[in-house]
Amino acid sequence: MKPIDLRSDTLTQPTPAMREAMANAEVGDDVFEEDPTIKKLETLATHKMGKEAALFVPSGTMGNLISVLSHCQRGDEILLGERSHIFLYEVGGLAALGGIHPRTVPNNPDGTLPLALLEKSIRHSDIHSPPTRLICLENTHNFCQGTPLRAEYMDSVRELAQKYGLKIHLDGARLFNAAVALNIEVKLITKQADSIMFCLSKGLSAPVGSMVCGTHDFIQRARKYRKMVGGGMRQAGHLAAAGLVGLENLVERLKDDHKNAKSLANQLASIRGIELEQPNVETNIIFFKLDPNLMDGETFVNQLETKSIKVIMTDQGIFRAVLHRGVSTEQVKIVAEAIKSILSI
Ligand SMILES: *Cc1c(COP(=O)(O)O)cnc(C)c1O
């Protein structure tokens with residue numbers, strides 16, 4: 001039996017239309033800026049984000065890294081959430097490779113950074129202090145239950161950034177999940193950011209790739225940093241072709257993943273021994289806790305595996321389930337039934 005894989009939306013397989021587009025893509029050498037399919041994708045991303053320019057990159061991690069590098073000098077400080085992907089899960093690249101000093105601010109449960117704390121964390125011209133240069137936000141916020149950050153919140157961070165002359169980078173790995181969940185045009189949550197990274201390889205189902213967007217100058221610097229870290233690809237239009245299909249055709253269907261996530265959350269909430277980290281699931285990510293008196297985390301994961309269901313344990317007794325195109329409404333019921341039967345020992 002094919003497993004029901006809830007570990008991540010990166011597990012999505014390309015659609016038949018993507019495979020066809022990839023096979024037939026017109027390509028050139030992108031380091032020479034001669035790949036027409038990549039150019040087309042960059043133009044579409046530029047337009048959708050409401051920015052001046054865009055750059056196709058191999059991964060979200062590289063997109064975030066070169067964005068931060070393009071905004072900062074060595075020794076600059078950036079402000080970001082203590083639960084942010086950039087801080088927790090990108091191998092410390094900004095410090096290791098960029099000499100950039102991360103200063104974390106505790107996230108609110110909804111993924112936002114408290115404005116007062118953010119403001120207090122901004123350094124002034126004291127000789128002892130590294131200069132604060134950048135604020136990084138994450139939308140949707142992966143490790144805050146996939147919560148979308150509202151346009152109003154983005155506006156107030158913009159105001160703060162403007163007051164102190166700081167830039168804003170948006171880690172929008174799941175930006176379209178946010179726009180779809182909030183039922184707004186994506187530009188309303190990108191206009192406050194100086195730069196944006198979003199992933200084609202998650203809910204949008206492309207096999208590879210992310211986009212970085214910003215001003216012409218910014219993208220010029222990012223293009224150079226992309227080359228520096230080995231991300232200058234050649235006939236990569238074959239990859240961009242899949243991203244184009246995702247961006248053009250698979251945004252609206254993210255609603256289905258959100259519906260499935262809500263449905264799974266509701267079913268899990270009624271199971272004895274399971275507690276949702278946040279009852280109000282807004283996008284495609286669910287975190288839930290298992291009562292340790294009932295079963296330890298490893299046993300739970302193994303029992304699910306024997307039923308061909310995969311989830312990730314992010315902490316002892318805490319699990320993440322991510323809904324995506326590869327998981328149907330029918331399978332959501334199967335998962336809930338399986339968990340119920342495992343715990344009713
Ligand atoms: C997945 C993810 C990334 C990184 O993307 P990769 O393509 O896996 O490198 C960055 N930020 C967030 C919030 C993510 O969920």
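Note: the structure precedes this text.
Residues numbered from 1 in each chain as written. Predicted model: local features only at pLDDT ≥ 70, side-chain atom pairs only at ≥ 80, totals over all residues. Heavy atoms only, no water.

Chemist: How should the overall build of the protein be read in this particular structure?
Modeler: A count of helical and extended segments in the protein gives 13 helices and 13 strands. Expressed along its principal axes, the backbone C-alpha trace of the protein runs to roughly 60 × 55 × 35 Å. For the protein, the residues scored as buried account for 56% of the 345 residues in total. The long-range share in the protein, meaning contacts at least 24 apart out of those at least 6 apart in sequence, stands at 74%. (Helix = DSSP H or I, 4+ residues; strand = E, 2+ residues; numbered from the N terminus. Buried < 20%, exposed > 50% of the residue type's maximum accessible area, 1.4 Å probe, protein only. Contact = heavy atoms within 4.5 Å.)

Chemist: What exactly am I supposed to notice about the state of the cysteines here?
Modeler: Should the sulfur atoms of two cysteines be covalently bonded, the bond is a disulfide. The final tally for this structure, using the stated rule, is 0 disulfides. Here Cys213 stays unpaired: no disulfide links it, and the sulfur of Cys199, its closest cysteine neighbor, is 12 Å away. (Disulfide = S-S within 2.5 Å.)

Chemist: I keep staring at helix α10 (residues 237-249) and nothing clicks. Help me out?
Modeler: With 13 residues, α10 ought to run about 18 Å at 1.5 Å a step, and its terminal C-alpha atoms sit 18 Å apart, in line with that. Listed as buried for α10 are Gly237, Ala240, Ala241, Ala242, Gly243, Leu244, Val245, Gly246 and Leu247. Turning to α10, the residues buried within the fold contact α1 (16-24), α2 (36-49), β2 (53-57), α8 (175-182) and β7 (195-199). (Expected span 1.5 Å × (residues − 1).)

Chemist: What should I look at first to understand the packing of aromatic side chains in this one?
Modeler: For any pair of aromatic rings, geometry is given as the distance between the ring centres together with the angle between the planes. In the structure shown here, the tally under the stated rule is 6 aromatic pairs. On the basis of an interplanar angle of 55° and a centroid distance of 5.5 Å, the ring pair of Phe143 and Phe287 is categorised as tilted. In this pair, Phe143 sits in the loop between β5 (132-138) and α7 (151-164) while Phe287 sits in strand β10 (residues 285-290), placing the two residues 144 residues apart along the sequence. Grouping residues by exposure puts Phe143 and Phe287 together as buried. Ring geometry for Phe288 and Phe300: centres 6.3 Å apart, planes at 85°, overall edge-to-face. Taken together, the residues span a long stretch of sequence, with Phe288 in strand β10 and Phe300 in helix α12 (residues 297-306) at a distance of 12 residues. As far as the burial class goes, Phe288 and Phe300 line up, both buried. (Phe/Tyr/Trp six-rings, centres within 6.5 Å; stacked < 30°, edge-to-face > 60°.)

Chemist: Quick question: what am I supposed to make of the pattern of salt bridges here?
Modeler: For side chains of opposite charge, pairing can occur when their charged atoms come near one another. Summed over the entire model, instances satisfying the criterion amount to 17 salt bridges. As a salt-bridge pair, Glu185 and Lys187 come within 4.0 Å of each other at their nearest N and O atoms. A relative accessible area of 51% places Glu185 in the exposed class. A residue is classified by how much of its surface remains accessible, and Lys187, at 30% relative accessible area, is partly exposed. Connected through salt bridges with shared partners, the residues Glu33, Glu42 and Arg223 form a single ionic network. (Salt bridge = Lys/Arg side-chain N within 4 Å of Asp/Glu carboxyl O.)

Chemist: Explanation requested: the sheet that holds strand β13 (residues 318-322) in the structure shown.
Modeler: Picture the strands of a sheet paired through backbone hydrogen bonds; they go either parallel or antiparallel. A sheet is described by the order of its strands in space; here 4 strands give the open sequence β9-β10-β13-β12, paired in antiparallel fashion. Edge positions in the open sheet fall to β9 (274-276) and β12 (312-315), since each of these has one partner strand only. Taking the axes of each pair of neighbouring strands and ignoring which way they run, one obtains an average angle of 35° across the sheet. In this structure, β10 lies alongside β13, joined through 5 bridges in antiparallel fashion. When the bridges of β13 are listed, Ile286 appears paired with Ala321. (Pairing = 2+ DSSP bridges. Axes fitted to C-alpha atoms, helices over the stretch in contact; angles between N-to-C directions.)

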